[in-house]
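Chain by chain, the residues:
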Amino acid sequence: MAHDKPISRAVIKRLPRYYRFLGELLKSDIVRISSRELSARMGLTASQIRQDLNCFGGFGQQGYGYNIQELHEEIGHILGLDQRMDAILIGAGNLGRAVANHMDFDNRGFRLSAIFDENPQLIGQRIKNIPIEHTDKMESFCKIHHPMVAILCIPKTATKAISDRLIALGVKGFWNFSHYDLLNQHSGIIVENVHMSDSLMTLSYEIKELLKEES
Ligand code: NAI
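Residues numbered from 1 in each chain as written. Predicted model: local features only at pLDDT ≥ 70, side-chain atom pairs only at ≥ 80, totals over all residues. Heavy atoms only, no water.

**Notes on the pairing of strand E7 (residues 149-152)**
So, step 1. Residues Val149 and Ile151 of E7 are buried on one face, and the alternating residues Ala150 and Leu152, pointing to the opposite face, are buried as well.
So, step 2. The pairing of E7 with strand E8 (residues 173-176) spans four bridges and is parallel. Of the residues in E8, the one forming a bridge with Val149 is Gly173.
So, step 3. Between the parallel pair E7 and E8, the chain is carried across by helix H7 (residues 156-168), and the sense of this crossover is right-handed. (Buried < 20%, exposed > 50% of the residue type's maximum accessible area, 1.4 Å probe, protein only. Helix = DSSP H or I, 4+ residues; strand = E, 2+ residues; numbered from the N terminus. Pairing = 2+ DSSP bridges. Right-handed = clockwise from strand over helix to strand, strands pointing away.)

Set out below in structure tokens:
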């Protein structure tokens, strides 16, 4: 389905969730679903769902609902999950290992093609059968393979220098777990900063509010 108009960031942020829910529904025998049923499952309003999906030229038919497989495929396509962009991971410590081992890159539009670390003791060890290479090799690797994305699992203090090097090597996107906020300092570079603690603090606030209501 064609969608020429730019899609708002708020809608884009909801798409992975639609994709996940529809993926779960696909495992059942249900073929189609109404916006009302989908909204009940997802905790959104039916009109929000209709509005979101209308951004892409309108799925579903009045009184028929959405074909789950079609919608799942189309949202995956919009998110670019059917591409295979090369990604490299920097920092093979606790977090880097967890991300490399547990993230299903292949079904999320990426291929994890190399892992780098500065610690000589880690060089040559393998994670998911990918050898850890020294960051000295980053330049030569990038000149040959042109990875589009870098996943940063390094300390905050190392992030600026490493990201500057990677940008000079043509990396366009960062999945940044380090607590250094890489924010729009370079045009043409896309950054997703991930802070699990933000989610934890949101939970803290919501529990505080809940307890206030109950007292
Ligand atoms: P770690 O100490 O186990 O691993 C860090 C790795 O980075 C080490 O292997 C180290 O040799 C490597 N490294 C350091 N400087 C480097 C450089 N200049 N180039 C290449 N490799 C370098 O630490 P851990 O637990 O894996 O955490 C990594 C970072 O992620 C920390 O800064 C931590 O605060 C942050 N973190 C962020 C989370 C989030 O939600 N965003 C959650 C947990 C940790």
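After that view of the structure, there is still more to cover.
**Examining the domain arrangement of the protein chain**
By a frequent convention, interface size equals the accessible area lost on bringing the separate parts together.
So, step 1. Assigned domains within the protein chain: domain 1 (9-78) and domain 2 (85-197).
So, step 2. Relative placement of domain 1 and domain 2: their C-alpha centres are 32 Å apart. (Domains from an automatic or database assignment.)

**Focus on the pattern of salt bridges**
So, step 1. Under the definition given, this model contains nine salt bridges.
So, step 2. The salt bridge partner of Asp86 is Arg111, with a shortest N-O separation of 3.0 Å. With a gap of 25 residues between them, Asp86 in strand E3 (residues 85-90) and Arg111 in strand E4 (residues 110-117) connect regions that are remote in the sequence.
So, step 3. A residue is classified by how much of its surface remains accessible, and Asp86, at 17% relative accessible area, is buried. (Salt bridge = Lys/Arg side-chain N within 4 Å of Asp/Glu carboxyl O.)

**Quick look at a nonpolar patch on the surface**
So, step 1. Residues Leu200, Leu203, Ile207 and Leu211 make up a contiguous nonpolar surface patch of roughly 390 Å² in combined accessible area.
So, step 2. With respect to the secondary-structure elements, Leu203 resides in helix H8 (residues 196-214).
So, step 3. The partly exposed category is assigned to Leu203, whose relative accessible area is 45%. (Patch = residues over 30% accessible without salt bridge, like charges linked within 9 Å, V, L, I, M, F, W, Y side chains within 5 Å. Areas by Shrake-Rupley, 256 points an atom, 1.4 Å probe, with all protein chains shown as cover.)

**Quick notes on the environment of Ala168**
So, step 1. The topology assignment puts Ala168 in helix H7.
So, step 2. For Ala168, a relative accessible area of 69% translates into the label exposed.
So, step 3. Counting along the chain gives 139 residues from Ala168 to Asp29, while the straight-line C-alpha distance between them is 49 Å.

**Section: the environment of Asn129**
So, step 1. With respect to the helices and strands, Asn129 occurs in the loop between strand E5 (126-127) and strand E6 (130-134).
So, step 2. Placed 84 residues apart in sequence, Asn129 and Thr45 show a C-alpha to C-alpha distance of 44 Å.

**Looking at the packing of aromatic side chains**
So, step 1. Under the criterion given, the structure shown has two aromatic pairs.
So, step 2. Ring geometry for Phe116 against Phe141: centres 5.7 Å apart, planes inclined by 75 degrees, an arrangement best described as edge-to-face. Note that Phe116 is positioned in strand E4 and Phe141 in helix H6 (residues 138-145), a separation of 25 residues in sequence. Here Phe116 matches Phe141 in class, with each residue buried.
So, step 3. Considering the side-chain rings of Trp175 and Phe177, the 4.7 Å spacing of their centres and the 65 degrees angle between planes classify their relative orientation as edge-to-face.
So, step 4. Overall, the relative accessible area of 24% leaves Trp175 in the partly exposed class. (Phe/Tyr/Trp six-rings, centres within 6.5 Å; stacked < 30°, edge-to-face > 60°.)

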